[in-house]
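# A look at the structure
Now for the letters of each chain:
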Amino acid sequence: MHTTEDSNASRLIHAVIPSPVDELTLVARGETLIAVYFAQHARRPSDDALGDRVDIADSAVLARTRDQLAEYFAGDRETFDLPLAPEGEDFAQRVWAEIRRIPRGQTIRYGDIAAELGQPGGAQAVGGAVGRNPLSIIVPCHRVVGADGSLTGYAGGTARKAFLLELEEDEAASAARLF
């Protein structure tokens with residue numbers, strides 16, 4: 001027997017919120033957050049694949065996500081405390097878990113993540129998993145940079161990546177920056 005509660009737990013829903021980096025689409029399945037997409041997100045699913053669009057007040061997890069993102073953009077939040085269930089294969093899940101450990105205001109190279117996962121030389125595989133991260137900002141893949149420290153690809157575009165990294169800088173790093 002299928003109950004209404006069971007179908008609500010597996011039902012995809014989404015809401016769209018404004019942010020300093022353009023509109024963000026928040027996607028949940030039940031009471032877990034599964035995705036945060038930019039309006040012009042590389043690999044963004046079609047709107048039909050995001051489930052029903054709802055008023056954000058109708059979903060506790062979407063409302064909490066909106067509130068925590070607002071705190072993040074205001075500089076008042078360093079980490080997110082949300083129930084997450086991003087969809088991806090085991091290797092990608094391991095990469096995303098490593099990315100969540102990168103502190104605000106710091107960066108790491110793709111190769112360093114590969115080495116942490118016991119796969120030296122696996123920077124390209126890490127890059128592929130980073131590129132498939134469905135939880136932009138929440139799983140801070142903007143903190144992952146090229147081997148030379150350059151701002152390499154980002155699903156939201158390198159301008160957004162630069163904006164997010166600048167947002168996270170402390171005063172000393174900001175004062176030392178040449179741009």
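In case you missed it, the structure is sitting above this.
As a starting point, this report considers the structure included with it. (Residues numbered from 1 in each chain as written. Predicted model: local features only at pLDDT ≥ 70, side-chain atom pairs only at ≥ 80, totals over all residues. Heavy atoms only, no water.)

## Overview of the overall build of the protein
The helix and strand tally for the protein stands at 7 helices and 6 strands. For the protein, the N- to C-terminal ordering of α and β elements is α-β-β-β-β-α-α-β-α-α-β-α-α. Counting the 179 residues in the protein, one finds 42% classified as buried. A sequence separation of at least 24 residues applies to 58% of the contacts in the protein between residues at least 6 apart. By element, 49% of the accessible surface of the protein is carried by carbon and sulfur atoms, the whole surface being about 9300 Å². (Helix = DSSP H or I, 4+ residues; strand = E, 2+ residues; numbered from the N terminus. Buried < 20%, exposed > 50% of the residue type's maximum accessible area, 1.4 Å probe, protein only. Contact = heavy atoms within 4.5 Å. Areas by Shrake-Rupley, 256 points an atom, 1.4 Å probe, with all protein chains shown as cover.)

## Quick look at unusual backbone geometry
One non-glycine residue with positive phi stands out, namely Asp22, at about 90°. Residue classification places Asp22 among the partly exposed positions, given a relative accessible area of 32%. A positive phi is found at Ile137, a non-glycine position, where the angle reads about 70°. Considering the arrangement of structural elements, one finds Ile137 in the loop between α5 (123-131) and β6 (144-145). Taking relative accessible area as the criterion, Ile137 reaches 1% and is therefore assigned buried.

That's the geometry; what it means functionally is another story.
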